[in-house]
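So you can see what is in the structure, the chains are spelled out below.
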Amino acid sequence: MPELPEVETTRRQLLPICKGETIADIKIHQPVLLKNCDAEEFRYQLIGRTIDDIDRLSKYLIFRCGEVFPVVHLGMSGVFLKDRADSKYPKHIHVEWTFESGKQLFYQDMRRFGKIWLYKEYPVFEKLGIDPISQTLTVERLNELLQKRRTNMKLFLMDQQKLSGIGNIYASEILFESGILPHRETTSLDDKEIKLLYDKIHEVLQWAIDNFGTTYSAYQTVNGEAGKMQTYLKTYQRAGDSCKRCDGIIEKEVMGSRSTFFCRSCQF
DNA sequence: TCTGACCTGCGA
DNA sequence: TCGCAGGTCAGA
């Protein structure tokens, strides 16, 4: 389930494979993934272009290819895979990129929730909230966002129009590390809790990036390996297990149609 | 503001 | 065979 750390890991691993490569061919097996152009237009605009760089904005990957910018959202199960001589052709490959050097790159998406756009100028996502590890997010800005919308903390962290990049797994982990119950109202946090929340948002996301993200089902790195962060998660998918910090038991509750994991003994 | 649909594989 | 997993968005 690609959240910010998984997308950033993907970006870092794509760079040495793609940067400076010129696109020789693109095969699109699932045109439905393309959201603002058809397959012909996508191929026409990109074949012959060189990938100059890859940016990440929250959960979006922005490829810089001269004057055109393909943008990819990995959805729930989207992954980029580099070609491996020893492997069979993987299932659910929807887009194949071939470079002039002969290297290949595959976009695989088992559940087809991923999306691809093509922009002819650098894209601006007006509805997207602040990238939580960008310098734009300060303690003061976080406080403003918390006061702006009266909801519970779990839904706040997952609201992509406020903070964009945190998903279900890291929302539970961030709240656990902050000692804040997911049910708490955003306006109920005091200054000390807001500062701690700010620190833990950075700490948890950076920790996950350092460990190449979390693999539970579909996610794998560009090199075809699993992430390592699932080893360190303290709440996600641990309902009924003992808390790693106190004597409590990890509970599970559905909030906003998503499973939420927490410990009542050390989150208040 | 909230809920359900989209989608496929896995485990009970 | 059915429920569950969850990011996003349309519709209520």
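Because the structure is a prediction, the values reported are computed rather than measured.

## Topic: the packing of helix α5 (residues 168–178) against helix α6 (residues 191–210)
Put simply, α5 and α6 touch, their axes get as near as 9 Å, and they point 130° apart. On the basis of the axis angle, α5 is oblique to α6. Considering the relative orientation of α5 and α6, their crossing is right-handed. The residues of α6 that touch α5, namely those facing Tyr-170, Glu-173, Ile-174, Leu-175, Glu-177 and Ser-178, are Leu-196, Leu-197, Lys-200, Ile-201, Val-204, Leu-205, Trp-207 and Ala-208. Across the contact of α5 with α6, the residue classes tally to 10 nonpolar, one polar and three charged.

## Focus: the protein's contact with DNA strand B
In the region of DNA strand B, the neighbouring residues are Lys-91, His-92, Met-110, Arg-111, Arg-112, Phe-113, Arg-149 and Arg-258. Taking all atoms of DNA strand B within 4 Å of the protein, the share assigned to sugar and phosphate is 65%. The side chain of His-92 places a nitrogen or oxygen atom 2.7 Å from a phosphate oxygen of DNA strand B. Looking at the surface near DNA strand B residue by residue, the class counts come to two nonpolar, one polar and five charged.

## Let's talk about the sheet that holds strand β8 (residues 115–119)
With antiparallel pairing, the four strands of this open sheet are ordered in space as β2-β3-β4-β8. On the outer flanks of this sheet lie β2 (53–57) and β8, each paired with one strand and no other. Here the strands of the sheet are splayed against their neighbours by 20° on average, with no regard to which way each runs. One ladder, built from three bridges, connects strand β3 (residues 60–64) with strand β4 (residues 69–73); its direction is antiparallel. Looking across to β4, one finds that Leu-61 is bridged to Val-72. This element, helix α1 (residues 4–18), spans β2 and β3 of the sheet and lies at about 175° to β2. Packed onto the sheet, helix α2 (residues 39–46) meets β4 and β8 and runs at close to 55° relative to β8.

## So, the protein's contact with DNA strand C
Taken together, 17 residues form the shell around DNA strand C, and within it His-73, Phe-113, Tyr-236, Lys-252 and Arg-258 come nearest. For DNA strand C, a phosphate oxygen lies 2.6 Å from a polar atom in the side chain of Lys-252. A distance of 2.4 Å separates a base nitrogen of DNA strand C from a polar side-chain atom of Arg-258. For the surface near DNA strand C, a count of residues per class yields five nonpolar, seven polar and five charged.

## Looking at the sheet that holds strand β5 (residues 78–82)
Taken together, the four strands give an open sheet; going across it, the order is β1-β6-β7-β5, and neighbouring strands pair in antiparallel fashion. What marks the edges here is a single partner per strand, and that holds for β1 (23–28) and β5. Taken over all neighbouring pairs, the strand axes of this sheet differ in orientation by 15° on average, direction set aside. Note that β5 and strand β7 (residues 104–109) share five bridges and pair antiparallel. Residue pairing in the sheet places Gly-78 in a bridge with Asp-109 of β7. Its contacts with the sheet put α1 on β5, β6 (93–99) and β7, and the angle it makes with β5 is roughly 30°. Strand contacts of α2: β1 and β6, with the helix running at about 170° to β1, the strand carrying the most contacts.

## What about the pairing of strand β9 (residues 250–255)?
Two elements, β9 and strand β10 (residues 258–263), share six bridges in a ladder whose sense is antiparallel. Bridged to Met-255 within β10 is Arg-258. Linking two consecutive strands that pair antiparallel, namely β9 and β10, is a turn of two residues; a positive phi of about 60° is found at Gly-256 within it.

## Notes on the packing of α1 against α6
Interhelical geometry of α1 versus α6 gives an angle of 40° and a closest axis separation of 8 Å. Between α1 and α6, the crossing angle belongs to the class labelled oblique. For the element pair α1 and α6, the recorded crossing hand is right-handed. Contacts between α1 and α6 pair Leu-4, Pro-5, Glu-8, Thr-9 and Arg-12 from the former with Leu-205, Ala-208 and Ile-209 from the latter.

## Some points on the side chain of Gln-13
Residue position: Gln-13 is located in helix α1. A distance of 2.9 Å separates the side chain of Gln-13 from the backbone nitrogen of Val-222, its partner in a polar contact. Beyond its immediate sequence surroundings of up to four residues, Gln-13 is in contact with Phe-212, Thr-221, Val-222 and Asn-223.

## Observations regarding the packing of aromatic side chains
Considering all chains together, one arrives at 10 aromatic pairs under this definition. Judged by centre distance (6.4 Å) and plane angle (85°), the rings of Tyr-119 and Phe-125 are edge-to-face. Residue classification places Tyr-119 among the partly exposed residues on the basis of a relative accessible area of 24%. An aromatic cluster of three or more residues is present, and its members are Phe-42, Phe-63, Phe-80, Trp-97 and Tyr-107. Over the face of the ring belonging to Phe-176 we find Arg-245, whose NZ or CZ atom lies 4.2 Å from the ring centre.

Procedures and definitions
- Residues numbered from 1 in each chain as written.
- Chains lettered and ligands numbered in written order.
- Predicted model: local features only at pLDDT ≥ 70, side-chain atom pairs only at ≥ 80, totals over all residues.
- Heavy atoms only, no water.
- Axes fitted to C-alpha atoms, helices over the stretch in contact; angles between N-to-C directions.
- Helix = DSSP H or I, 4+ residues; strand = E, 2+ residues; numbered from the N terminus.
- Parallel < 35°, antiparallel > 145°, perpendicular 65-115°, else oblique.
- Left-handed = near helix turned anticlockwise from the far one by under 90°.
- Contact = heavy atoms within 4.5 Å.
- Nonpolar A, V, L, I, M, F, W, Y, C, P; charged D, E, K, R; others polar.
- Near = heavy atom within 4 Å.
- Polar contact = N/O pair within 3.5 Å; in protein donor to acceptor, adjacent residues only side chain to side chain.
- Pairing = 2+ DSSP bridges.
- Phe/Tyr/Trp six-rings, centres within 6.5 Å; stacked < 30°, edge-to-face > 60°.
- Buried < 20%, exposed > 50% of the residue type's maximum accessible area, 1.4 Å probe, protein only.
- Lys NZ or Arg CZ within 6 Å of the ring centre and 35° of its normal.

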